[in-house]
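Overview (structure and organization)
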Amino acid sequence: MSWASDVRRMRAIAWKDLTAERRSRAVLNAVTFLGVLILMLFGFALGPDRDALRDAAAGALWLAILFSGILAFNRSYQVELDGGALESLLLYPGSRWSIFAGKLLANLAFVFLVELIVIPVAMVLFQVQFPEGWAWASQLAVLVLGTVGFVILGTFYAAMSSRSRSREVLLPLLLFPMMIPVLLGAVESSTSLLRGDPMREAGAWMGMLTAFDIIFLTAALVTFEYVIEV
Amino acid sequence: MADNSTYIFAAYAITWLTLIAYLVHLRRTRRDAERRYRDAQRATGGSI
Amino acid sequence: MAVGTMDLTTDVAASARGRTNWLGVAGILALAAAQLFVVVTSPPDRDMGHLQKIMYVHVPAAWNAFLAYFVVAIASLRYLWKGRQTDDLLAASAAEVGALLTGLTLALGMIWGRPTWGVWWTWDPRLTSTAVLFFIFIAYLLLRAFVDDPERRAQWSAVVGLLGALNVPIVYMSVRWWRTLHQIQSSPSTVDPAYAWGLRANAIAVLVMLIFCIRHRYESARLERGADDLVDRAALAAGRGREVTDG
């Protein structure tokens, strides 16, 4: 019984967060433009030599996603914080994990929408060919695995940083050290796949990313009540 | 090898400087903590 | 959360602090003796020559830094499990000492690396993982600095500490694999069996200092918390007194 109500709660929260964002679509646009801008900055910093750009493409893309996407996370708690709705939300009986899962889904949708624009731009700016044959599916898998890891931890840590002082600097400080395995896995497998995966390493990195996502999704779901209750 | 002795000396010097600096920090922290506790006792008129 | 009924200024507490101080004296003497011993008697390494002597400060610092983080993780777990303030203070104390040790490890690793490799930094997996650990420590300490409510601070720190601990082995494996894919050579093994005893002696001396420093910092933290609790309790009592007269 309670499982079904938790899932309903999760969907309700995800939908509420998403529709709040859709009305303020300005945020989505702003974050997307920031992502593109960061890509351009990387281009200026690392280019214009074609080979240098191609080698740096995956790295620049993921850093652009990280630096722009992180802005979504503190915001995702802003609505409740402003209205004092967090306390009311906690008054309802029900597992806290559903609050986390709802916000996680909403943030995932947000970041995926940003990536929808940022990735093609990256391919253009860094002169990367669209993968041949079915390789694009592997690249998509890498993107999904990496993004999921990013959003899980971002949503989790933002539950704390959004309610602390210096939240703008605290969230990156908490989040980015944890992102290092994701960054390595995503960039290495993407870069390798762009070259046709000569050393067959992409699969192993993707395995690591999958394990990372499972481990930290579990850890986040289990410990979220300690974070949101206090 | 004479060049390397500079590095070796630097390594040990930094180790001891760090240790001594932290010991000083520990002592200062303890003094401040004790003072705060005594002040709190005096202000509230009693121990826990 | 009660700090406990022990009066923090009784003779019992004072003598406990006295014992801690002896630990510190013993640690410093042991450290000086162990270092003197190895610097004077250890033979030069085949490849590194006398630079090998830096290992006697770098490696014990590294081991104890990771041990300090282990204490943070265990104390955090215990806090989430039992909710005792003392576990939170222990974790915070271990984090402070650990952060310092990690920074020292990095500095010593760079001092060793410069004459050996010609560069200050080579993205060596162990040193890089230590750098990440350093950032995890710093993030933990900054979180504590930016949260004022003690219970919230304790609970959040515990969660952050545990998740960080979860990530350390993952980071190490990722960085190591990343390096082997991009580099042909790997870093040399640091410990020839001939040096093992000198290394152990130094590691134990540093361990004694680690325990001393954490205990000392912890005792100060308890005093600080004791002061805050006294003030809070008095404020609470005064408030209640007012309510009684009003009602």
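Procedures and definitions
- Residues numbered from 1 in each chain as written.
- Chains lettered and ligands numbered in written order.
- Predicted model: local features only at pLDDT ≥ 70, side-chain atom pairs only at ≥ 80, totals over all residues.
- Heavy atoms only, no water.
- Contact = heavy atoms within 4.5 Å.
- Buried area = accessible area lost by both parts, 1.4 Å probe.
- Salt bridge = Lys/Arg side-chain N within 4 Å of Asp/Glu carboxyl O.
- Helix = DSSP H or I, 4+ residues; strand = E, 2+ residues; numbered from the N terminus.
- Nonpolar A, V, L, I, M, F, W, Y, C, P; charged D, E, K, R; others polar.
- Axes fitted to C-alpha atoms, helices over the stretch in contact; angles between N-to-C directions.
- Parallel < 35°, antiparallel > 145°, perpendicular 65-115°, else oblique.
- Left-handed = near helix turned anticlockwise from the far one by under 90°.

**Describing the arrangement of the chains**
- There are two pairs of chains in contact here, and the one with the most contacts is chains B and C.
- Taking C-alpha atoms as the reference, chain A and chain B come no closer than 24 Å and do not contact one another.

**Examining the interface of chain A and chain C**
- With 32 residues of chain A at the interface, the matching set in chain C holds 29 residues.
- Between chain A and chain C, the buried area comes to about 2900 Å², and carbon and sulfur atoms account for 76% of it.
- Considering only the side of chain A, the residues that lose the most area to chain C are Arg165(A), Tyr226(A) and Val230(A), jointly responsible for 21% of the buried surface there.
- For the pair chain A and chain C, the number of links is one salt bridge.
- Among the salt bridges present, the one from Arg165(A) reaches Asp148(C), with a minimum N-O distance of 2.8 Å.
- Going through the elements one at a time, helix H6 (135-161), helix H7 (167-194) and helix H8 (202-229) of chain A are the ones with two or more residues in the side of chain A that touches chain C.
- A class-by-class count of the residues in the side of chain A that touches chain C yields 25 nonpolar, three polar and four charged.

**Quick look at the packing of helix H2 (residues 55-82) of chain C against helix H4 (residues 125-146) of chain C**
Residues and elements named next belong to chain C.
- It is at 12 Å that the axes of H2 and H4 come closest, and there the two elements cross at 40 degrees. Here H2 is positioned oblique relative to H4, judged by the angle of their axes. As H2 packs across H4, the resulting crossing turns out to be left-handed. Seen from H2, the contacting residues are His58, Ala65, Phe66, Ala68, Tyr69 and Val72; seen from H4, they are Leu127, Thr130, Leu133, Ile136, Phe137 and Tyr140.
- A class-by-class count of the residues in the contact of H2 with H4 yields 10 nonpolar, two polar and no charged.

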